[in-house]
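# Observations on the three-dimensional arrangement
Chain by chain, the residues run as shown.
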Amino acid sequence: MIVTVANQKGGVGKTTTVVNLAAALAELGKTVLVVDLDPQGNATTGLGVSSRTDNAGVYDVLIEDVPMAQTVVGVPETEKVQLVPASLDLAGAEIELVSMVAREYRLRKALAAYLEEHPTDVVLIDCPPSLGLLTLNALVAAEELLIPIQCEYYALEGLGQLIRTVDMVREHLNPTLRISSILLTMTDSRTNLSEQVADEVRAFFGDLVLDTAIPRSVRLSEAPGHGRSGVAYDEGSRGALAYRAAAEEFTQRTVDLRDPTAETVTA
Ligand SMILES: Nc1ncnc2c1ncn2[C@@H]1O[C@H](COP(=O)(O)OP(=O)(O)OP(=O)(O)O)[C@@H](O)[C@H]1O
Ligand SMILES: [Mg+2]
């Protein structure tokens, strides 16, 4: 299963979701590959790996045709999670990709070659906050799209553009891409606003929205500073429990979706 986590809005919880879903899926016994496609490298550092080294990373895969297997590293927290790290030069990839052949397919091809040799249960791709060629590569490589939405004002702003991009990708580049889930993040039960936004998102997207929402939790925001997922950093915290529940719900949902007798969901 190849899952892209995208939303071109910044700071909505994409990286936190990738890192913590990876950790929660690992707890469920799954092998996970995280691909850090964001030049900020937050998923890389959040998993305890330095993004400021000369080691090969996703840039080399996309631009230099380095086989992905040569860039994959382990993470300190668990041997079930592996990582294709981001590095500083990734910022240039967005521009360098423009003139490349089959520029939207480079990640898809590299990932397919890797997975053939290294079977992996779940691939999670973290995207930068933009709809440029890096995110496009992620959408073309993916089977499923998970969209985190932060429960605040303007939450739905920009989503129309994201959905149109997904439609374009489906039509021209990756017909089997599916928006499988929307995850509400940073909910705050003490504010009416957060609940209002959650209601609004559920009214708009219906069953696509996971029942589990991720509450605002200080422990989740502290964890990256320790190079760990929130799930492992404070196992019993509300954030950890929520991400575990989200991981279970998400896996169950994608299993249901793959069952040909189940109703298909499209957005
Ligand atoms: N549930 C949460 N509770 C508290 N803080 C959170 C939560 N989720 C994310 N954060 C914090 O909010 C900030 C933004 O989260 P995150 O980096 O995951 O978003 P992002 O969408 O990946 O951002 P970007 O668009 O810059 O890549 C981070 O400081 C993170 O630690
Ligand atoms: Mg991020």
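See the structure printed just above.
Cut-offs applied
- Residues numbered from 1 in each chain as written.
- Chains lettered and ligands numbered in written order.
- Predicted model: local features only at pLDDT ≥ 70, side-chain atom pairs only at ≥ 80, totals over all residues.
- Heavy atoms only, no water.
- Helix = DSSP H or I, 4+ residues; strand = E, 2+ residues; numbered from the N terminus.
- Rg over C-alpha atoms; globule rule 2.2 N^0.38 Å.
- Buried < 20%, exposed > 50% of the residue type's maximum accessible area, 1.4 Å probe, protein only.
- Contact = heavy atoms within 4.5 Å.
- Areas by Shrake-Rupley, 256 points an atom, 1.4 Å probe, with all protein chains shown as cover.
- Near = heavy atom within 4 Å.
- Polar contact = N/O pair within 3.5 Å; in protein donor to acceptor, adjacent residues only side chain to side chain.
- Nonpolar A, V, L, I, M, F, W, Y, C, P; charged D, E, K, R; others polar.
- Lys, Arg positive; Asp, Glu negative; His and termini not counted.
- Salt bridge = Lys/Arg side-chain N within 4 Å of Asp/Glu carboxyl O.
- Phe/Tyr/Trp six-rings, centres within 6.5 Å; stacked < 30°, edge-to-face > 60°.
- Pairing = 2+ DSSP bridges.

## Details of the overall build of the chain
A tally of helices and strands in the chain yields 11 helices and seven strands. Scaling as 2.2 N^0.38, a compact globule of 267 residues should have a C-alpha radius of gyration of about 18 Å, and the chain matches this with 17 Å. Within the chain, the fraction of its 267 residues that count as buried is 54%. If you take every contact in the chain between residues at least 6 apart in sequence, the share linking residues at least 24 apart comes to 79%. For the chain, the exposed surface amounts to about 11900 Å²; the carbon and sulfur share of it is 50%.

## Brief notes about the environment of Tyr-154
Positionally, Tyr-154 belongs in the loop between β6 (144-150) and α7 (159-172). Tyr-154 sits in the exposed class, given a relative accessible area of 57%. Between the alpha carbons of Tyr-154 and Asp-199 there is a distance of 14 Å; along the sequence they are 45 residues apart.

## Quick word on the environment of Gly-46
Here Gly-46 lies in helix α2 (residues 42-46). With 28 residues separating them in the primary sequence, Gly-46 and Val-18 have C-alpha atoms 10.0 Å apart. Apart from residues no more than four positions distant in its own chain, Gly-46 is found in contact with Val-19, Pro-224, Gly-227, Arg-228 and Ser-229.

## Describing the site of ligand 1
Taken together, 18 residues lie near ligand 1, and Lys-14, Thr-15, Thr-16, Pro-215 and Ser-217 sit nearest. One of the side-chain nitrogen or oxygen atoms of Asp-38 is found 3.4 Å away from an oxygen atom of ligand 1. Measuring from a nitrogen atom of ligand 1, one finds a backbone N or O atom of Pro-215 at 2.9 Å. Coverage of ligand 1 by the protein amounts to 81% of the 620 Å² it exposes when considered alone. Here the shell around ligand 1 gets three residues from one element, more than from any other, and that element is helix α1 (residues 14-27). Residues that form the shell around ligand 1 fall into these classes: six nonpolar, eight polar and four charged.

## A look at the side chain of Glu-249
Inspection of the secondary structure assignment puts Glu-249 in helix α11 (residues 238-258). One buried charge, Glu-249, has no salt-bridge partner; the nearest side chain with opposite charge is Arg-253, at 4.2 Å. For Glu-249, the residues in contact, after removing those within four places along its chain, are Leu-210, Asp-211 and Thr-212.

## Observations concerning the packing of aromatic side chains
As enumerated under the stated definition, the model contains two aromatic pairs in all. Summarising the aromatic geometry, the rings of Tyr-153 and Tyr-154 are spaced 6.1 Å apart at their centres and angled 45° between planes, so their arrangement reads as tilted. Grouping residues by exposure puts Tyr-153 and Tyr-154 together as exposed. Between the aromatic rings of Phe-204 and Phe-205, the centroid separation amounts to 4.8 Å while the plane-to-plane angle is 75°, which identifies the pairing as edge-to-face.

## Considerations on the pairing of strand β5 (residues 122-126)
Counting buried residues in β5 gives five out of five residues, a clear majority hidden from the surface. Relative to β5, strand β1 (residues 2-5) is paired through four bridges, and the arrangement is parallel. Counterpart to Thr-4 in the pairing with β5 is Ile-125. Strand direction decides the pairing type here: strand β2 (residues 32-36) and β5, joined by five bridges, are parallel. Bridged to Asp-36 within β5 is Asp-126.

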